[in-house]
Amino acid sequence: MARIGEDPEAFEAFYREHVEAMLRYATRRSRDPHAAADLVADVFLAAISSAAGYREELGSQIAWLHGIARKVAAAENRRAARAWVAESRISGRRLLDADDIARLEERIDAEREGRALIERMASLPVGQRAVLELVAVDGLTVAEAAAALGINAVAARVRLHRARSALKDTSARVVPETPPTFPSLMEVR
């Protein structure tokens, strides 16, 4: 892991192994293919910068990467909220070609159910929602979700149980146990 910031081959292997999970994460959070592509790129840039601090005993690579993704997404949401007040949308970000946009639009459409689930989960407390999303939507184990959130596994199990109970109590659809699979494409404690 420490080599991904220095060795292009190590980074390429890491990227190929985890890009699908990060694309699922990004396309559930955005209706804009450019924003989704930017989020994925920012997550991997942040991973390169912090790779030297990765500690395997604290969790798997994917849990670590999801932790980074949550922080990057939260930072982007804060930045976007500030920019929304100050200025209109900047059009200079349109750097993707038509094929990239089409693939990301397909991905965004495919993640429609994931976005709907996140909207239903909005009524849950932040901690419960974060664990439920990482386990039920992103497919992490409870231990990996705990590592991504910086909490212990027992707390994660309790939050997951409470979240699932709350969704059942509201007569909501049962939360899927595994994330959907798609064809290949390129914040909270």
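All figures in this text were calculated on a predicted structure; none of them were measured in a lab.

### As for the overall build of the protein chain
- For the protein chain, the count of helices and strands is 8 helices and 0 strands.
- Each helix and strand of the protein chain, ordered N terminal to C terminal, gives the series α-α-α-α-α-α-α-α.
- For the protein chain, with 189 residues in total, the buried portion stands at 41%.

### Quick notes on the packing of aromatic side chains
- If you walk through the whole model with that rule in mind, you get 6 aromatic pairs.
- A ring pair is formed by Phe14 and Phe44, whose centres lie 6.0 Å apart and whose planes are at 80 degrees; its orientation type is edge-to-face. On the criterion of sequence distance, the pair formed by Phe14 in helix H1 (residues 8-28) and Phe44 in helix H2 (residues 33-50) is long-range, its members being 30 residues apart. The two residues Phe14 and Phe44 agree in class, both being buried.
- Taking 5.3 Å as the distance between ring centres and 65 degrees as the angle between the ring planes, the aromatic pair formed by Tyr54 and Trp64 counts as edge-to-face. Here Tyr54, found in the loop between H2 and helix H3 (61-86), pairs with Trp64, found in helix H3; they are 10 residues apart in sequence, far enough to count as distant. In this pair, the class of Tyr54 matches that of Trp64, namely buried.
- Taken together, the aromatic side chains of Phe11, Phe14, Tyr15, Phe44, Tyr54 and Trp64 make up a single cluster linked through ring pairs.
- Positioned over the ring face of Tyr25 is Arg29, at 3.4 Å from the centre of the ring.

### Some remarks on the side chain of Glu144
- Secondary-structure assignment places Glu144 in helix H7 (residues 142-149).
- Buried Glu144, no salt bridge; nearest opposite-charge side chain is Arg24, N-O distance 10 Å.

### With respect to the nonpolar core
- Counting 48 residues, the largest nonpolar core has Met22, Val43, Phe44 and Leu132 as the members making the most contacts within it.
- Of all the secondary structure elements, the ones that give two or more residues to this core are H1, H2, H3, helix H6 (126-137), H7 and helix H8 (153-169).
- The dominant element in this core, judged by the number of residues it contributes, is H1, at 9 residues.
- Filtering out sequence-adjacent residues up to four positions away, Val43 remains in contact with Met22, Leu65, Ile68, Ala69 and Val72.

### Let's talk about the packing of H6 against H8
- Viewed as axis vectors pointing N to C, H6 and H8 meet at an angle of 90 degrees, and their least axial separation amounts to 8 Å. By the angle between their directions, the pair H6 and H8 is classed as roughly perpendicular. Of H8, the residues touching H6 (which contributes Gly127, Gln128, Val131, Leu132 and Val135) are Ala156, Arg159, Leu160, Arg162, Ala163, Arg164 and Leu167.
- Here the residues of the contact of H6 with H8 are counted per class, giving 7 nonpolar, 2 polar and 3 charged.

### Brief notes about the packing of H2 against helix H4 (residues 98-110)
- Interhelical geometry of H2 versus H4 gives an angle of 90 degrees and a closest axis separation of 9 Å. One element, H2, and the other, H4, form an angle in the roughly perpendicular class. Residues Pro33, His34 and Ala37 of H2 touch H4, and the partners they reach there are Ile101, Leu104, Glu105 and Ile108.
- A class-by-class count of the residues in the contact of H2 with H4 yields 5 nonpolar, 1 polar and 1 charged.

Thresholds, definitions, all that
- Residues numbered from 1 in each chain as written.
- Predicted model: local features only at pLDDT ≥ 70, side-chain atom pairs only at ≥ 80, totals over all residues.
- Heavy atoms only, no water.
- Helix = DSSP H or I, 4+ residues; strand = E, 2+ residues; numbered from the N terminus.
- Buried < 20%, exposed > 50% of the residue type's maximum accessible area, 1.4 Å probe, protein only.
- Phe/Tyr/Trp six-rings, centres within 6.5 Å; stacked < 30°, edge-to-face > 60°.
- Lys NZ or Arg CZ within 6 Å of the ring centre and 35° of its normal.
- Lys, Arg positive; Asp, Glu negative; His and termini not counted.
- Salt bridge = Lys/Arg side-chain N within 4 Å of Asp/Glu carboxyl O.
- Core = buried A, V, L, I, M, F, W, Y, C linked by side-chain atoms within 4.5 Å.
- Contact = heavy atoms within 4.5 Å.
- Axes fitted to C-alpha atoms, helices over the stretch in contact; angles between N-to-C directions.
- Parallel < 35°, antiparallel > 145°, perpendicular 65-115°, else oblique.
- Nonpolar A, V, L, I, M, F, W, Y, C, P; charged D, E, K, R; others polar.

All quantities given are derived from atomic positions and should not be read as evidence of function.
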